[in-house]
Amino acid sequence: MVIDQFNEAFNWHDADILAPLLTDDTVFEDTSPAPDGRRIEGKAAVVAFWRNWFAGNTDAVFEGEDVIVSGDRAVVRWVYRKQRNGLPWHIRGVDVFTVRDGKVAAKLAYVKG
């Protein structure tokens, strides 16, 4: 359930709605810079990252294609869509979530290509 709430809030581009869904020690691993991405730790730092990211990606939409849940883990297969240079653009990827006490403790993002 928290994964669905998280994905909805993400598409609303609202870091204030995301914040209460995160543990205080949450971890986010971004897909960039290549090859390994960047690791952001702690709720305040993760919320600040997303607040800034939402401001720069106002047309971005993540479309969940599949959700697989096993215990405290969830894998979400998605398509990320936005405009790039005035044209439709997309990329596919997965997020590996860890949930603890009903909140997101980790979101590790990976992309194809």
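Please read all numbers here as calculations on a predicted model, not as lab measurements.

Spatial ordering of the open sheet is given by β2-β1-β6-β5-β4-β3, a layout of 6 strands whose pairing is mixed. On the outer flanks of this sheet lie β2 (39–41) and β3 (61–70), each paired with one strand and no other. Neighbour-to-neighbour, the strand axes of this sheet turn through a mean angle of 15 degrees, independent of strand direction. In this sheet, strand β6 (residues 103–111) lies alongside strand β5 (residues 87–100) in antiparallel orientation, the contact comprising 8 bridges.

Quick look at the environment of V104 now. Mapped onto the elements, V104 comes out in strand β6. For the pair V104 and F28, spaced 76 residues apart in sequence, the C-alpha separation works out to 9.8 Å.

Here the focus is helix α1 (residues 2–11). Taken together, the buried positions of α1 are V2, I3, F6, A9 and F10. Relative to the axis of α1, the buried residues are bounded by an arc of 130 degrees and lie together on one face. H13 sits one or two positions beyond α1 and adopts a positive phi of about 60 degrees.

Taken as a whole, this structure holds 15 aromatic pairs when the rule is applied. Considering the side-chain rings of Y80 and W89, the 5.8 Å spacing of their centres and the 85 degrees angle between planes classify their relative orientation as edge-to-face. With a relative accessible area of 9%, Y80 lands in the buried category. On the basis of relative accessible area, W89 is assigned to the partly exposed category, the value being 23%. Three or more aromatic residues joined by ring pairs form one cluster here, namely F6, F10, F28, F49, W50, W53, F54, F62, W78, Y80, W89 and F97.

Cut-offs applied
- Residues numbered from 1 in each chain as written.
- Predicted model: local features only at pLDDT ≥ 70, side-chain atom pairs only at ≥ 80, totals over all residues.
- Heavy atoms only, no water.
- Pairing = 2+ DSSP bridges.
- Helix = DSSP H or I, 4+ residues; strand = E, 2+ residues; numbered from the N terminus.
- Axes fitted to C-alpha atoms, helices over the stretch in contact; angles between N-to-C directions.
- Buried < 20%, exposed > 50% of the residue type's maximum accessible area, 1.4 Å probe, protein only.
- Arc of directions from axis to C-beta.
- Phe/Tyr/Trp six-rings, centres within 6.5 Å; stacked < 30°, edge-to-face > 60°.

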